[in-house]
Structure formats: C-alpha cells, structure tokens
Amino acid sequence: MDILIVIEENNGKVHRMGLESITAAQTMAKGRGFSIAALVMGSNADELATQVSNYDIGEVLKLQHDLLSSYSSDGYAEAVKQVVEKESPKYVFFGHTYQVRDYVPKISAKLMKPFLVDNVLMNSDEEETVFTKQMFNAKLYSDMIAMDEGPLLISFQSAAYSSDNAASGSASVRDVNINLDSSMIKTQSEDPFQEESGGVDLTSAEIIVSVGRGIGKEENIPMAKDLAKVIGGELASSRPVVDAGWLSSTHQIGSSGQSVSPKMYLALGISGAIQHVVGMKGAKNIVAINKDPEAPIFEIADYGVVGDVLEIVPKLSEALE
Amino acid sequence: MTQIEFTVIEKTILSLGILTTFGSFIYEVWRRLRIVFKGKQSFPLDRFGARLWRVFKEVFLHEKVIKGRFWPGFMHALVFWGFIVFGLVTVDHFALGFGHELMNAQTHKLYSYIVIPFSIFVLIGIGSLTYRRFVSRPKALGKISPTSGFVALFISVLMITYLLGETDLSPIVWRINWWIHSLIILAFLFLIPRSKHLHLVLAPINIFFKPFDLPDHTPVNIDLEGSEDELDAMLADLTEMTKNQALDVFSCVECGRCIDVCPANRGGGLLDPKNHFILDLRQPLLDKGSVDVLSEINVEAGWECTTCQACTEVCPVGNQVEKSDEIRRLEVLVEGKVPQEYQKLFMNLQESGNTEGRTDSPLAERLPTYTTDKEYVLWLGCFARYELDPNFTKSVENFANILDVAGITYGVLENEHCSGDPANRLGDKLTYNMLREHNMEQLAHASKVVTLCPHCALNLEKEYAKYSEVNYDVSHHTQVIAQLIEEGRIEVKKGSNGKVTYHDPCNLSRMLDEVDAPRTAINATTDEFFELEESGRNTLCCGAGGGLWWKKETTGRTHLVRAEQVVNSEADTVVTGCNFCYGMMNQGLKPLTPEGRSEIQVKDVADLVSENLVNN
Amino acid sequence: MKIAVLVKQVPGSDSPLPLNSNQSWLDENGISYVMNECDNYALEEALQIKEENGDGEVVVISLGPDRVQKVIREGLAKGADRAIHIQMNSDSIADPLSLGTLFADAIRDENFDLIFSGLQSDDLGMGQTGIIIGEMLGMSTASLAMATELSEGIIKVKRELEAGFFQWVSMALPASITIQSGLNTPRYPSLKGIMGAKKKEINIVTPGSHDVKQSAKKVYVPQSDKRTVMIDGSVDEIVNKLVEVFRNEIKVI
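Residues numbered from 1 in each chain as written. Chains lettered and ligands numbered in written order. Predicted model: local features only at pLDDT ≥ 70, side-chain atom pairs only at ≥ 80, totals over all residues.

### Concerning the overall build of chain B
When helices and strands are tallied, chain B shows 30 helices and eight strands. Structurally, chain B occupies a C-alpha span of about 90 × 65 × 45 Å along its principal axes. Looking at chain B as a whole, 47% of its 616 residues are labelled buried. Within chain B, residue pairs in contact and separated by at least 24 positions form 79% of the contacts whose partners lie at least 6 positions apart. (Helix = DSSP H or I, 4+ residues; strand = E, 2+ residues; numbered from the N terminus. Buried ≥ 20, exposed ≤ 12 C-beta atoms within 10 Å, placed from the backbone. Contact = placed C-beta atoms within 7 Å.)

In structure tokens, the structure reads:
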C-alpha cells in the first residue's frame, strides 16, 4: 500500500482521530491515485477491524499479540516498525495523540525515517508533498518537507481533517504477525486513573465556558456551570467575577489568572477587556455572547451573538442535552 | 496627710526592694540595648533640631497617638500626662521612705492641686482604655494580655493610693497605703522592661532616631567581580538588622494601628504587620543575642505586602514597620525561591529592560525624543510605554499637551529602561542595579526629569541616590502642573465632572510627601472636590504596589478595598496621580458599582487639567 | 547518579518573530531569547532528584550558536554541575532525527543514568528529540511526565493521558524522560548560584555528522481571514445555529 494508517483505539472503539486520518489518507489518495491500508492492533483488534472495514480503503491489517494487549511504547513502536518494514508504505499516518507522541518517535529512530508531526494542512498535489505545522505557539506556520524517500511518518492535529468526511466503503481484513518478546519491552504500566482535581486546570481543557460580568449575579452562575457540564467543558471566568466573589480565583483567566488556548472558548457576557483577552486569545475558536454590540470581544471572536446570555444559555444547555 | 517615721527594717526592705527591682530593670533594658547596638549602621544624628521637634510633637503632644485613634489616643494622653506629672511625686514618695522628702508641706500641698486632677484624669483614661481592651476587644489589639491587665490594675491602684494618701488617714492605714503604693511601683519597675511597656523608655529615643526617609531600607551593593568570600559576607549581612530596626522591635507597644491601615490585611490576606514584621522578631533577638534574625520573617506574609508604608506612617512609637524588602531579598538572592510570575518579570527586565519583555512602544514613538537642549526628560515608565492599561496612554499625551501649551520643551529617552521599581520592591537587587546603572548612563546629561509614575519618580530621585550621586532633579507631573497653574503659565477653567474626589497614590503622598500639588490642579478644574476617607498621607494603597500588579494568586481582595471606598463615597469622578492607581481603579470600580448606578469616571490629574485648559 | 538535562534556547513568548528575507526562517536580530519553558521544569526535576539523593551530577546540555551559552549559564546558576555545549549554527534545524543524532553522539560516552528533556520546544514544537535520543542510546523512554519517583535503579513516571487521565509507568535505568510543565516549582538562580556559574565547566564540543531528514521550506504568518461570523435571529434560532457551529464547524461535540 502507499499509505498505511495506524488506528488508535478509544475504549474499544476507533478513536475519532483514526477516522480523521482515514479522511486525510483518502484526500491524498484521490490526488495521487494511492492505495490505502489501515492497521489495527491490541486486544480489541477484531472489533476495530470490523469498524474500519466499513470505510473506503484497500484493506485492514489486523495485528494481535499478547504483548500488545495493553499499550507500551516499546511494544507498539516495535510492532508498527516491523509492519512498516514488511509492508513498505510511502506514508504512515497517525492522529497526533498523547500515545502517538510517546511511541512514534521511537519508530522514527529505529527506522531513521523522519516523523512530521502535528500537521494542520497537507498539500499533496505536487510530487513533493508539503505538510504544514504550527510553530512558535501557533503564531507562525511552517511548511515542512521530508528529505527522504520514505516511509515517512506523519501525524495530523485533531480536527485538521473531519471524521465526518471519511468516505465509507468496504475493505478486506488481513492478519499480520510480528516478532515480539518480553525482553523488548522495557516498561511496565499500571492502570490509567483519573484524579480528583483540587484546583481547576483550565490549561488542558479543550472546551472552556467562561463568564464575565454580563452573567449578572452570583445566582446565575449555576446556569453557566450546567452548560459547561453538558458541553464537556470547564467553567472559567474573567477577573470581575472572581473579584465579586462569585467564583474562586482558580477559575480566573487573564493577565493575572491562567492563560489558555482551548479548542473552543465560549465567552458569556465578557466584554473583552485587554487584561482578559491576553489570557485567551490563543483559543482556536472563540464564540462570544454579549448584550453590547460594541464589546471589544467581538473583534477577536470567530462567532458572535449580540444577545442576552441569561436567555440563550439555558436554552443552549437544553438543546445540547 | 500624715507624717510617719519608717523603721530601720522598713528602710532596709525598701532599699533592697529598690535595688533589686531597679537593678533588674537596668539589666533587662541593658540586655536589649546591647543587642540593638550590635545592629548595622549607626543611629542617625542629622537634622538634630528637626528630630527634637518631632519628639516634642509625637511624644509630648501625642500627635500620632491621638490622630490615629482619637478617643483611645486622648485617653492614653491623659494617662501619659499624668505619668509625667507624677514623676516628682514618685521621687518624693520614696524620699519620704528614707525620711528625706523633697517637698515641704506647703510645696507638697500646692503641687497636689495639680496632681489630684491629673490622677482623676488618669483613672478616667485607664478605665476607658481597660474597657476598650478587655470588653470591646478591637481586633488589632489581639489576644487578651495578662500584663496589660496588671498594668491597668497597677496604675489604678497607684492613683487610688495616691489620692488616699492625700486625705487624713490613721497612721496604720496611711502606712499600709504607702507600702502598697511603693510595692506597686517596684512591681511596675520589674514589669516594664519585660513587656510592651518598655515603650515608656524606648519610644522617645526611637522617635528621635527614626529615619526621615520613607522607606529606609539598606541598599544592597552587589559586586559581580568580587571574590566568593566577599559574596558570602554580603549575603550574611542581609540577615542582619540595623540598630534602628532592632530598637523598633523592643519599642513596639503592640497597639495594632499598623494592622488597621495595612491594605493586605484589610483585604483579608495573611499579612499582619505587627506580628510578621515586628513582634515575631522579638524572641529570636533575645534568644540569639544578635541581630541576625531577618530570616525569621514569615515568607508568605512578606510576599503580600504592597510596600505602601502606611504601617510606618501610623506607628506612634516611631517604628519602621515594613520588612518585605528584607525578607524578599533573602528569598530572591539567597534562596532562589521566587513565585513563578515574578521569575518571568525578572527575566523580562534582564532580557529586554522592561517588565513586559517587549521591544516596541508606539507611545514613545509618537512623542519627541530627548535632546540636551530640551528642558525636561519626560520619563514614561513601563506602564505607559507598554500600555499596561491602554487608557492611560491618553493621560500621558494629555500631559504632553499641557507642556506644549505652556511652551515647555521635553523629550523621551530613546533607551529608557524600567526604573527598576518592581525589581527593587520584590527583592531582586541584582536586576535592580543592572537597570539603575543603565538608566544613570542614559540620564548622564539630563538635569530635569518629569514623570507621571510616582514609583519611577521615587526610584530615580531617592532610591538611586542610595547607591550613587544623582545629577538630575525629579518632579512628578502633578508638581509641574501645579507650578504652571500657580505661575499663570496655563489657564484652567472649571469644568463639569460631577462630584470629584482624589485618591492619593501611596508612593506620591507618603514617600514623596506630595499631597498639595494634585489638589491645586484639581481645585482649578472644579468646585465640587471632596476628600475621600483616609486621604493625604494616610491614604489607603490601591493594592498594586510592591510588585503586586504582577502577582497572580492573591489570598485576599487587597486590590478592591480602596475601590470599595471610592464607590461608597458616591463620587462621579475619581482622580489619581499614578498609573498603577489608575489601572487598579479601572479594574476595581466596575464590579463593585451597584446595579443602576452609573460608572465612576477614572481620570488622571493630567486628563482633568488638559480637558479644562483654556488656551488649548 | 548522572542526570543530563537537555535545554533549548527559544524566542520568548512575547518576543517579536521577524522573518528573514527569503522566509526560510527567522531573523535572529530583534528576538529576545529565553530557556524553553518545559526545559525549566526538567532542570528543576533533575536538581530535586540530585538533592534528594544526596549526591550525583546534573549536566546541562544545549545545542546552538554562542548565544545559547546564556541558557547554559542559567542552568549552571540554578545548580547544574557542569555543561556541554554542542556548538553549531542551529538556525533552521527543524529535524528531530538530526538533533537526536547530534546529541546522542555528543553524550554517548557519558553513560547518563537519566536524560531529562522538555516535552516539546516552544519554537518547533516537534516533541521528539528526547525520545529519539533515548532510543538511539538503548534507553527506556517515557513522555509527558507529570511526576517522577526514583528508587534502586528504577524510575516511575506519571504520564499524562488525554481527558484528565494519568498512568504510572516504571522502567529500569538508564531512561530518557520528557517532562511536562507544571510538575514542580522551578527555582530562581540565587546570587551565589549566578556567581558560581561563572566558574563551572562548559565543555564546548564540535558537532558530529548528521543527515537532515526534514526541513522547513517556508515559514510565514498564517492568513487569518478572521471575520467574525455574527449569528442572529430569535433566541431559538440562535441556539440552533450555535449547536450547529459547535458540531460541524468547530467540531467539539
């Protein structure tokens, strides 16, 4: 195959970013007439293979091995490396997950093949495909090219491609094997666990629902909290809300609070004063709701609503449930 | 009044009593003074006359004692004046014990006409103070103090026994009464040096030696080319108190006025200046027997201080209370333990010479550049240069406009670096000296500097001078404006800004001693000026000083306390003379303004005057 | 116990980022440089381990032109014992395999027990160098460390996972770990540290050979066609449109 997609699992199902990689591969394949295969592995390989075979790709490679039943960086790196060596694709696509960041650099070192990471754009029209990543905390873009004939290891940033656009079809499933013994696995992992967070770590939240003075009074805060919960985000606020005592300072975003760059920042009743903006202007998508059409927040928002937060928020929570 | 001959036994007991208690008194005082004398530097003797005058005002007239808390202060004054009057009485009392009374019957009678009323005053005074301390129990006085109880009891009994002694008593009763009076005095002698009542002895001395400069921290000279031994010596030096500071600790009367005026404490923070900056050091001084105790200061409390000097200003016994400089410089220079947001601040100052790590200033580019033919260097400061509050840039331009109208030439320095105030107040003396040296070079050919930032003004004028001689004069912009108005070089009409009040910036009013110039300027623009509570030299800090503008987490609402006062004053416009105060008012007023009330306007003095200029 | 800490000098978060004339990289003039943020935490972690252990050596290592000596000195001032400077013009090296090769060659003979590096750099953001070096030197590796625990030749690392999950992973030394910000409180260099740093050894080494496997063809400011999309209508209409935006355009639900 020309493009091998390595599918990651998420609780027994195909990780959304795996589907995004399929979209990416299909995009490249169309332009260059490439063939695509996807690799699934681990204890749920059967289930994953079935799921992936419903997409418009050439084939699904199914890898099962005792030592791959749970993730280890050595195990996965060695396994994928062997598959790549045997199958010799031009490109190997990954979603840029924490797991991929942990083991794929090892493959890069083992094969001495470059790993072009966290791409937001891909231009595969020319012979020399250009992959674009963000640099300098997303202030600049960089067009990267590989100086090697391949296989090239490529990872895509979350939502660079849409999982919705992955064309369906049907693919055959083929078993593959590797040589793996326990001496090759140098790490031992315990079970993943969640922590009761004492403070609120807004910096790692993907979605932030933030309230400003426009929320009116302390009694209205639960409405925002509900929305945050329903949408799967964290609650935050601008400084005046903290100063008024409606929320603790752990929620504060701005020059004297936390700095965040989530996928989406929902600003409710926030005017957009500079002390607040410096803490959230790195957000990838800013959605602002404010009564005042002149509010500075609208200058930096991607989506804006001139309206009453107190009317919109409860209905929004309802619609999202 | 009855006369009696005391027996030999009585005289012996009396002598022994006096010798032991007096000896113990001398010993305890000497023990403490010995430690004080180990302190760094020497006691200042400059401005001798001014010092004496200050002692007269603050000790004999009880100026600060009464001003800070009127009724308790006045009651204390009664006790104090009674104490003075009783001096002669007490000596005479003991002289009588040895059969050599100083006053004859007639003198005694005449003097008693003065003393009796005073003893009533003292009873009234001590009675009300006792009620305040043990029944009303204001927070600043802290836990119930047994020694205070004894002292109150002693004083009361002394007055009563004195009064009784002036009536006709039977010999036996008179004798008993006399002995009670004597024993109480001896017990008093025993108690005084071991308690806060040592202020009786030390306060006048402490007030005499109090530095005139506010604040008066020792400069930290760092020689980067020095040897390791020199460095070790310098660092060891940082934990040692000066003589003045050590004397302060023993003079403290534990009244808690410093707590009452502390913005960090009022905002609900941890900081308690009375304990953290003074009393916590008392036992270490006594235990160690040396002045090497500055590292005992509570670190967390030390980071909360805004360095506003309200504590030092209000202290009735002449203490320089604030010690955040001392503890922070230890944390930074010796320990390397600095809150993360300050680490970034220091790095920015070192790398880019300003607090924000920026390289460009649109404001500076819009203003004329300084050349030696111009009258003033217009010093901008990082706050204005890098738009820490974007609205303030207009204030700078308004001041420039005033200067233009008055025909005064000025320019900004091309290579102006941060005056270093944040580094100085936060303890990073190394970065501070780097900035200072750079700026001194930039100012080498300047003679007059004017700035809108009192923090910059204070450093350029006074703090830099602690390290090397300074060749320029520094004015705050309100001083220049006031002068222009008084000299008629600009004409200002009265405008309409509703009810106008003024928030005195602590760096300007207390540390630069300037309260009149801003008022001259403001009163030229309005007839509706009124004073805020805690104004002038007693101003309540806005909460941004001491580097706190850059602090991330605060345990209290220090930055809101003053804003709340402004809101409650129902002013329409609040005027300030400092960019930090300006920024803090802008941040603090909105959330605290009740619904329905219109927003309070925040203006700088320059804004107000520029708006109302006649010859624009 | 020998611990290497790889530190990178990068433009500060508020630094201007001027591009060079052919837009192949930045123009160094006018950039204010600092130590990469995660590296600061990596260094602190190493120093704390050395202090807890009672003995050991922390070596800071950096690759780049003369200006990187500033962050090397910073590392020494904070408590590292000595340093290695792989001196070369690192402008526009955007290839982790090259960097990995250069570092691995320079430190192979040192036989470090631990290599700590930042999770990723604030400039390139590749996030691979530490793992690649570990792999090249036959060490165990782990990334995104939020805590470390060292005992008898074994290091346990608390890895950060997505969605608020964590996982403890143990491995035998030698190991190369990439460190995430926030796992400790980095110290500030004390005055003694700053003065003492001047006397500590910085071993300047010439770089070995390396093959460049990826490079930046062009660096540019992303075009932001940011025009705020205003959503209006009745409250219900607005709510529906918002849900659609969340789902299909921003893709967070």
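### A closer look at the overall build of chain C
Regarding its fold elements, chain C presents six helices and 13 strands. By its C-alpha atoms, chain C is 70 × 45 × 40 Å across when sized along the principal axes. The proportion of buried residues among the 253 residues of chain C is 50%. Long-range contacts, defined as pairs at least 24 residues apart, comprise 70% of the intrachain contacts of chain C with a sequence gap of at least 6.

### With respect to the interface of chain B and chain A
Counting residues at the interface gives eight residues for chain B and ten residues for chain A. Considering each element in turn, the side of chain B that touches chain A owes the most residues, three residues, to helix α29 (residues 579–592) of chain B. A class-by-class count of the residues in the side of chain B that touches chain A yields three nonpolar, one polar and four charged. (Nonpolar A, V, L, I, M, F, W, Y, C, P; charged D, E, K, R; others polar.)

### Topic: the environment of Val 515 of chain B
Residue and element names in this part refer to chain B. Checked against the element boundaries, Val 515 lands in the loop between α26 (506–511) and α27 (516–525). What makes Val 515 partly exposed here is the crowd of 19 C-beta atoms within 10 Å. Note: C-alpha distance between Val 515 and Glu 487 (28 residues apart in sequence) is 19 Å. Those residues in contact with Val 515 that sit more than four places away from it in its chain are Asp 504, Ser 509, Gly 536 and Arg 537.

### A short note on the sheet that holds strand β12 (residues 214–220) of chain C
By way of backbone hydrogen bonds, the strands of a sheet pair with one another, either parallel or antiparallel. As summarised here, the arrangement of the ten strands in space is β11(A)-β5(A)-β4(A)-β1(A)-β6(A)-β10(A)-β7(A)-β8(A)-β9(A)-β12(C), forming an open sheet in which the pairing is mixed. Every interior strand has two partners, whereas the edge strands, β11 (172–176) of chain A together with β12 of chain C, have only one. Across the sheet, the mean angle from the axis of one strand to that of its neighbour is 35°, orientation sign disregarded. Pairing analysis gives four bridges linking strand β1 (residues 3–6) of chain A to strand β4 (residues 36–41) of chain A, with the strands arranged parallel. Bridge pairing in β4 of chain A links Ile 5 of chain A to Ala 38 of chain A. Against the sheet, helix α1 (residues 16–32) of chain A engages β1, β4, β6 (91–95), β7 (115–123) and β10 (152–156) of chain A, with an angle of about 145° to β6 of chain A. (Pairing = 2+ DSSP bridges. Axes fitted to C-alpha atoms, helices over the stretch in contact; angles between N-to-C directions.)

### Points about the nonpolar core
Ile 481 and Met 585 of chain B together with Val 5, Val 60 and Phe 103 of chain C are the most contacted members of the largest nonpolar core, which has 196 residues in total. Leave out the neighbours within four places in its chain, and Ile 481 of chain B touches Ile 402, Ala 521, Val 605, Ala 606 and Val 609 of chain B. Ranked by size, the runner-up nonpolar core spans 66 residues in total, among them Leu 39, Val 52, Val 83 and Leu 152 of chain A. (Core = buried A, V, L, I, M, F, W, Y, C linked by C-beta atoms within 7 Å.)

### With respect to the domain arrangement of chain B
Residues and elements named next belong to chain B. According to the domain assignment, chain B consists of domain 1 (8–201), domain 2 (228–337), domain 3 (358–486) and domain 4 (500–611). Computed over C-alpha atoms, the centres of domain 2 and domain 3 are 30 Å apart. Counting residues at the interface gives seven residues for domain 2, matched by six residues for domain 3. Of the residues that constitute the side of domain 2 that touches domain 3, the class distribution is two nonpolar, one polar and four charged. (Domains from an automatic or database assignment.)

### Here's the deal with the packing of helix α3 (residues 73–87) of chain A against helix α4 (residues 98–111) of chain A
All names here are of chain A. Between α3 and α4, the least distance of the axes is 8 Å, while the angle of their chain directions is 45°. Comparing the axis directions of α3 and α4 gives the class oblique. Crossing of α3 against α4: the hand is right-handed. In contact with Ser 73, Tyr 76, Ala 77, Val 80, Lys 81 and Val 84 of α3, α4 contributes Asp 102, Tyr 103, Lys 106, Ile 107, Lys 110 and Leu 111. Among the residues making up the contact of α3 with α4, the classes are represented as seven nonpolar, one polar and four charged. (Parallel < 35°, antiparallel > 145°, perpendicular 65-115°, else oblique. Left-handed = near helix turned anticlockwise from the far one by under 90°.)

### Points about the confidence of the model for chain C
In this model, chain C carries a mean pLDDT of 93, and residues with pLDDT of at least 70 account for 99%. Across chain C, the secondary-structure element scoring lowest on mean pLDDT is helix α6 (residues 235–249) of chain C, at 91, and the one scoring highest is strand β1 (residues 2–6) of chain C, at 98. (pLDDT = per-residue confidence, 0-100.)

### A few points about the interface of chain A and chain C
At the interface, 60 residues of chain A touch 64 residues of chain C. Among the elements that take part in the side of chain A that touches chain C, α4 of chain A stands out by supplying eight residues, more than any other. For the side of chain A that touches chain C, the per-class residue count stands at 31 nonpolar, 13 polar and 16 charged. The pairing of strand β9 (residues 140–146) of chain A with β12 of chain C spans six bridges and is antiparallel. The partner of Ser 142 of chain A across the bridge, within β12 of chain C, is Val 219 of chain C.

### Things to note about the pairing of β6 of chain A
All names here are of chain A. Within β6, five of the five residues are buried, leaving the element largely enclosed by the surrounding structure. Alternating residues of β6 divide into Tyr 91, Phe 93 and Gly 95 and Val 92 and Phe 94, and every residue in both groups is buried. Across three bridges, the pairing between β1 and β6 is parallel. What sits directly across from Ile 5, in β6, is Phe 93. As judged from the five bridges shared by β6 and β10, these two strands associate in the parallel manner. For Gly 95, the partnering residue across the bridge sits in β10 and is Phe 156.

### A short note on the packing of helix α28 (residues 558–568) of chain B against α29 of chain B
Residues and elements named next belong to chain B. Here α28 crosses α29 at 65°, and the two axes come no closer than 9 Å. Considering how the two elements wind past one another, α28 and α29 form a crossing that is right-handed. For the pair α28 and α29, contact is made by His 559, Leu 560, Ala 563, Glu 564, Val 566 and Val 567 and by Met 584, Met 585, Gly 588, Leu 589 and Leu 592, respectively. Split into classes, the residues belonging to the contact of α28 with α29 amount to eight nonpolar, two polar and one charged.

### Observations regarding the pairing of strand β8 (residues 130–135) of chain A
Residue and element names in this part refer to chain A. The sheet contact formed by β7 and β8 spans four bridges and is antiparallel. In the strand pairing of β8, Asn 123 is matched with Val 130. In terms of strand pairing, β8 meets β9 through five bridges, oriented antiparallel. From the neighbouring strand, Thr 132 faces β9, where its bridge partner is Asp 143. Counted along the chain from β8 to the antiparallel partner β9, the turn is four residues long, and its residue Phe 136 has a positive phi close to 55°.

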